[in-house]
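Commentary on secondary and tertiary structure
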Amino acid sequence: MGNNDAAKFMKKAIRLSIANVEKGNGGPFGAIVVKDGKVIARGVNNVTSTNDPTAHAEVVAIRKACKVLKTYQLTGCEIYTSCEPCPMCLAAIYWARPDKIFFAGSKEDAAAIDFDDKLIYEEIAKPIAQRKILTQQLLRDEALEAFRKWSESPNKIEY
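What comes next is a walk through the structure.

Rules used in this analysis
Residues numbered from 1 in each chain as written. Predicted model: local features only at pLDDT ≥ 70, side-chain atom pairs only at ≥ 80, totals over all residues. Heavy atoms only, no water. Helix = DSSP H or I, 4+ residues; strand = E, 2+ residues; numbered from the N terminus. Buried < 20%, exposed > 50% of the residue type's maximum accessible area, 1.4 Å probe, protein only. Pairing = 2+ DSSP bridges. Axes fitted to C-alpha atoms, helices over the stretch in contact; angles between N-to-C directions. Contact = heavy atoms within 4.5 Å. Patch = residues over 30% accessible without salt bridge, like charges linked within 9 Å, V, L, I, M, F, W, Y side chains within 5 Å. Areas by Shrake-Rupley, 256 points an atom, 1.4 Å probe, with all protein chains shown as cover. Salt bridge = Lys/Arg side-chain N within 4 Å of Asp/Glu carboxyl O. Expected span 1.5 Å × (residues − 1). Lys, Arg positive; Asp, Glu negative; His and termini not counted. Polar contact = N/O pair within 3.5 Å; in protein donor to acceptor, adjacent residues only side chain to side chain.

Focus: the side chain of Ser82
Among the secondary structure elements, Ser82 is positioned in strand S3 (residues 77–83). Looking at Ser82, the relative accessible area reads 9%, which means it is buried.

Here is the structure:
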């Protein structure tokens, strides 16, 4: 795919982000998923309109694309997002396994308007006992039963 096509798709993601602000549905973020040169899914930030802190544009677009393709992986797809993905969205993108990620605005641009992911990046790097939100491991041995059953299951679908 050439730079002209990439720019065309990025403009679509940016237009979604602008329209989302104008409609008041959530933050200024838009994303699209493209496969074989065609837009198969769109997403905008719906955090405040749906009361769902995970309803970021990239996550919404990934969920829709997976439904369209009837798969849990986006192999052969590209994701275009109006801003550099936050840690949650970047993780979701990696789990979805697209071929490429393109973004427009940077995480610094987002931080300048109070969408700052710095705290999350810092918290991830800290030992569990030093994190701001109490995080404590409980009942590990009991939880490992599910892992044992998974590793032995002949019906598992690995991803």
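Quick look at the sheet that holds strand S2 (residues 38–44)
Two modes of strand pairing occur in sheets, parallel and antiparallel, and in both the strands are linked by backbone hydrogen bonds. Pairing is mixed across the open sheet formed by 4 strands, whose spatial order is S2-S1-S3-S4. Of all the strands in the sheet, the pair left with one neighbour each is S2 and strand S4 (100–105). Between one strand and the next, the sheet's axes are offset by a mean angle of 15 degrees, whatever the strand orientation. Pairing of strand S1 (residues 30–35) with S2, which is carried by 6 bridges, proceeds in the antiparallel orientation. Paired with Val33 across the bridge in S2 is Ala41. Packed on one face of the sheet, helix H1 (residues 3–23) meets S1, S2, S3 and S4 and runs near 145 degrees to S1.

Some thoughts on a nonpolar patch on the surface
Residues Tyr72, Trp95, Trp150, Ile157 and Tyr159 make up a contiguous nonpolar surface patch of roughly 640 Å² in combined accessible area. Using a relative accessible area of 54% as the deciding quantity, one classes Trp95 as exposed.

Thoughts on helix H3 (residues 57–69)
Taking 1.5 Å as the rise per residue, H3 with 13 residues should run 18 Å; its terminal C-alpha atoms sit 18 Å apart, in good agreement. The set of residues buried in H3 consists of Ala57, Glu58, Val59, Val60, Ala61, Ile62, Ala65 and Cys66. Buried residues in H3 make contact with S1, S2, S3 and helix H4 (87–96). Lys70 sits one or two positions beyond H3 and adopts a positive phi of about 55 degrees.

Focus on the pattern of salt bridges
Within the structure shown, the criterion is met by 7 salt bridges. For the salt bridge of Asp52 with Arg63, the shortest nitrogen-to-oxygen distance reads 4.0 Å. Here Asp52 is found in the loop between helix H2 (47–50) and H3, whereas its partner Arg63 is found in helix H3, with 11 residues between them in sequence. Measuring nitrogen to oxygen at the nearest pair gives 3.7 Å for the salt bridge that ties Lys149 to Glu145. Pair noted here: Lys149 and Glu145 are both in helix H7 (residues 140–152), with a separation of 4 residues, about one helical turn.

Observations regarding the side chain of Glu78
With respect to the element layout, Glu78 can be found in strand S3. Despite being buried, Glu78 has no salt bridge partner; Lys100 is the closest side chain of opposite charge, sitting 4.0 Å away. Looking at Glu78, its side chain comes within polar contact range of the side chain of Tyr80, at 2.6 Å.

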